[in-house]
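For reference, the chains in residue letters:
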Amino acid sequence: MRLQIPIALGFLAGAFMIVQFFVPYYALQMYYEQLLDWAIIIGAFALVLGLGSLFRSHIDKIRSRHPDYIYSFVALISFAVMFFFGIFYGVNPRTTFDWIFNNIQVPLEATVFSLLAFFMASAAYRTFRARSVEATLLLVVAVIIMLGRVPITDYIKFVDIHGFSEWLMSIPATAAKRGILFGVALGIVATSLRILLGIERSHLGGGGGAGR
Amino acid sequence: MPEPSGITEILGIPTDIIGLWVAALLTLAIYSFLYGDNPVYKFAEHLFVGVSAAYGAAIVYHQALVPKLVQPLSAGLIQPLLAGNPAAIVWSKATLLIPGMLGLLIFGRFFRGYQWLSRWPIAFVMGLGAGLSIPRSIQSLILEQMHGTMQPVWPLTGGGFDNLLLIVGVVCTLAYFYFSLPHRGVMRWLSRIGIWFLMIGFGAGFGNTVMARISLLIGRIEFLLYEWLPTIGIHLGGPGIG
Amino acid sequence: MWEKLLYFDRRIIFLLIGAAVLIPFLTQWTLPHGKITATTQSLFDAIEQLPVGTPVMISFDYGPSSMPEVEPMAKALAYHILSRNLRLMAVTLVITGPQMADRAIIPVAKQLGKKYGKDWVNLGFKPGGAVLLTQMGESIKRAYPTDARNNPTIKLPVMTGVENYDDIGLVVDLASSGAPTTWIVYAHDPYRVNMAAGVTAVEAVDYYKFLQTGQLIGLLNGLKGAAEYEFLVGRKGFGKLGMASQSVAHLLIIVLVIIGNIGYFTIERHRSRRR
């Protein structure tokens, strides 16, 4: 029962959504809007779930005196400080929470991702090789796009690199991306059907007592 | 305790200026990783982990749980009950107790022996999402996209050639991913052409990725040059309002 | 000699990239905006054609990690929308969205003398993604009982007459992820609201297929898209400022790739001769 009831619940919720899509009957409308509200509320709880594993990993590191355990204190203390200001003094502009976000979280996150510029350049230099027809095609297209996306090549008058790079993206690249999309979309529909029918159960995993 | 949001300066230094210095030093702390891993970088990295997790929790609390659950429940159920007036209960709001309880069940994951309780809310949300997605994904991602592919190919000038190329590209890409037939004969050629289209797609993706990564670096350099340097009196003449 | 050139300390490449980005700024070298991409122009035109007072929604689906690319777009768009006296509504599907919206809109609104609650609103973050977009198709005020500052939306002048997507002139999704696809599947196609997107360059190639079908009416691609939009609305910003550095860095990477390939094939040829 620990598995059957959730599967039935999921099926009913999903089946209702499908029926409502094809038969938008006004009497169903009220329940439909209510169910959407419910899903959003449960979604909010699910978002907080990730905190559990964050605490667990850092507390484990501290307990086991992992070589870097001192930094786990940094993570936990900074969490506590930000959480305190956020919950008790609000998240509006010009609050302490907003100050910490803009002056600590923003620069840290933005800078970590900007490191990729350096590593990507280094990787391109070392590994980007025209070893086969396919690799050469990829490389040539990448170079054309890199040139076409910056204004400096507008000084070259005899060939429209900008226009050609736009064409590459809007026709041949789009054809490939669309081919991939068909596969992805069919995958989404198939997985959704499997979830509805209770064939796909991995999201219900963990928790023991399967089938009982 | 004073309201922290009211503080505009500490020791006579405006909090905005302090903020710019904190941000600049943290930026440099992350860049120290380019030379090699070091304690300053590790400190900054863990600071980020803690702050961003708390950021998410506070936003979810104030912008989702309070307006969508706490306030309606309080107005529609708790206040009428406290006032001893059950007739005033608003049932459309009171029923939010159900998703509220279901939401709490998710935390069953953290208690041994009660993990199965978290299946109820997860099954509900996943089932509802699946039901929502099936008809809409078919309509948007398959039918509309097929429609966009089936465009006139004649005359070849004026868009016809592009449309033809789109059809050939889509069909050949699909052929490459079609494994139910051995890739021999015609299929071999179709999938070969499919690979070429895929390579153009990946090449375009790579070129754009280079662009994006460089842009991120430019963003940080702009911050240091046009927002931080002016605090020590160096002005490079930025864009005015940023 | 080639082996040395191929396998030196990668920190030298780091220095080269840093210099390529930094030098144009230090020498204050700027480039003309370049040719305006058609997809940028079509977004600009769509906003130009909206009657005064029309609500326009921007979905801030990005975070600090892609802010340098997307925030200049957000500022230029907010400037365009508010200066044309359209109403601006900020929503988001991602948790960092509410702060991104405030960062981008507040300075622009201040510059133009626009009031919060009357000319623009930040509706904040709500979970749910697809479910949230579906609920907005029925009732935006039900999806957002309050704004990001916990004001009841029913009392905000900016929300008057806004029931669902039928009342929204245009939705622009500024994103660093797959959010525009979610918007297309759950808002544009079922409810036929006009949609455009501004995305990081990494994502851009994935959205051309929606332009060709009309599911998107415009697309801003990366920092270049931002620079173009800044030019169209006549506003100086970080988009244009970065284009010179962007150009130099692209040329440097292309040169590096070419040197890398010449080196690789020279070494390969030597090796095969020795065998």
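Residues numbered from 1 in each chain as written. Chains lettered and ligands numbered in written order. Predicted model: local features only at pLDDT ≥ 70, side-chain atom pairs only at ≥ 80, totals over all residues.

Visitor: What exactly am I supposed to notice about the overall build of chain C here?
Guide: A tally of helices and strands in chain C yields 13 helices and six strands. Across its three principal axes, chain C shows a C-alpha extent of roughly 80 × 40 × 30 Å. Sorting the 275 residues of chain C into buried and exposed places 59% on the buried side. Long-range pairs, those at least 24 residues apart, make up 73% of the contacts in chain C between residues at least 6 apart in sequence. (Helix = DSSP H or I, 4+ residues; strand = E, 2+ residues; numbered from the N terminus. Buried ≥ 20, exposed ≤ 12 C-beta atoms within 10 Å, placed from the backbone. Contact = placed C-beta atoms within 7 Å.)

Visitor: Sorry if this is basic, but what is going on with the interface of chain C and chain B here?
Guide: Interface size is often expressed as the accessible area that is lost when the parts come together. Of the residues lining the interface, 50 residues belong to chain C; the matching set on chain B comes to 44 residues. The residue inventory of the side of chain C that touches chain B, partitioned by class, reads 28 nonpolar, 16 polar and six charged. (Nonpolar A, V, L, I, M, F, W, Y, C, P; charged D, E, K, R; others polar.)

Visitor: Just to check I follow, could you spell out helix 6 (residues 130-138) of chain C for this structure?
Guide: Every α-helix carries 3.6 residues per turn, so stepping three or four residues along brings you back to the same face. Within helix 6 of chain C, seven of the nine residues are buried, which leaves it mostly tucked inside the rest of the structure. Those residues of helix 6 of chain C lying buried are A130, V131, L132, L133, T134, Q135 and M136 of chain C. On its buried side, helix 6 of chain C packs onto helix 2 (26-48) of chain A, helix 5 (119-149) of chain B together with helix 7 (140-143) and helix 8 (179-191) of chain C.

Visitor: I would appreciate a short explanation of the domain arrangement of chain C in the present structure.
Guide: One can read the domain layout of chain C as domain 1 (2-28 + 245-274) and domain 2 (38-241). Here the C-alpha centre of domain 2 of chain C lies 39 Å away from the C-alpha centre of domain 1 of chain C. (Domains from an automatic or database assignment.)

Visitor: Is there a simple way to think about the confidence of the model for chain C in this case?
Guide: Regions with low pLDDT should not have their predicted coordinates read in detail. In the predicted model, chain C carries a mean pLDDT of 94, and the fraction of residues at 70 or more is 100%. Confidence metrics for the complex model read pTM 0.94 and ipTM 0.93. (pLDDT = per-residue confidence, 0-100.)

Visitor: Is there a simple way to explain the nonpolar core in this structure?
Guide: The tendency in soluble globular proteins is for nonpolar side chains to be buried side by side. I58, A78, L88 and A90 of chain C are the most contacted members of the largest nonpolar core, which totals 203 residues. Look past the residues within four positions of L88 of chain C in its chain and what remains in contact with it is V56, I58, A78, I81, L82, I105, D119 and W120 of chain C. (Core = buried A, V, L, I, M, F, W, Y, C linked by C-beta atoms within 7 Å.)

Visitor: I tried to follow the pairing of strand 2 (residues 87-92) of chain C on my own but got confused; where do I start?
Guide: Along a regular strand, successive side chains alternate from one face of the sheet to the other. All names here are of chain C. With respect to burial, strand 2 is a largely interior element, six of its six residues being buried. What you see with strand 2 is no split at all: R87, M89 and V91 on one side and L88, A90 and T92 on the other are buried throughout. Of the crossover connections in this fold, the one passing from strand 1 (residues 55-61) over helix 4 (residues 67-83) to the parallel strand 2 is right-handed. Bridge count between strand 2 and strand 3 (residues 120-125): four bridges; the pairing is parallel. Paired with L88 across the bridge in strand 3 is W120. Handedness of the crossover joining strand 2 and strand 3 through helix 5 (residues 97-112): right-handed. (Right-handed = clockwise from strand over helix to strand, strands pointing away. Pairing = 2+ DSSP bridges.)

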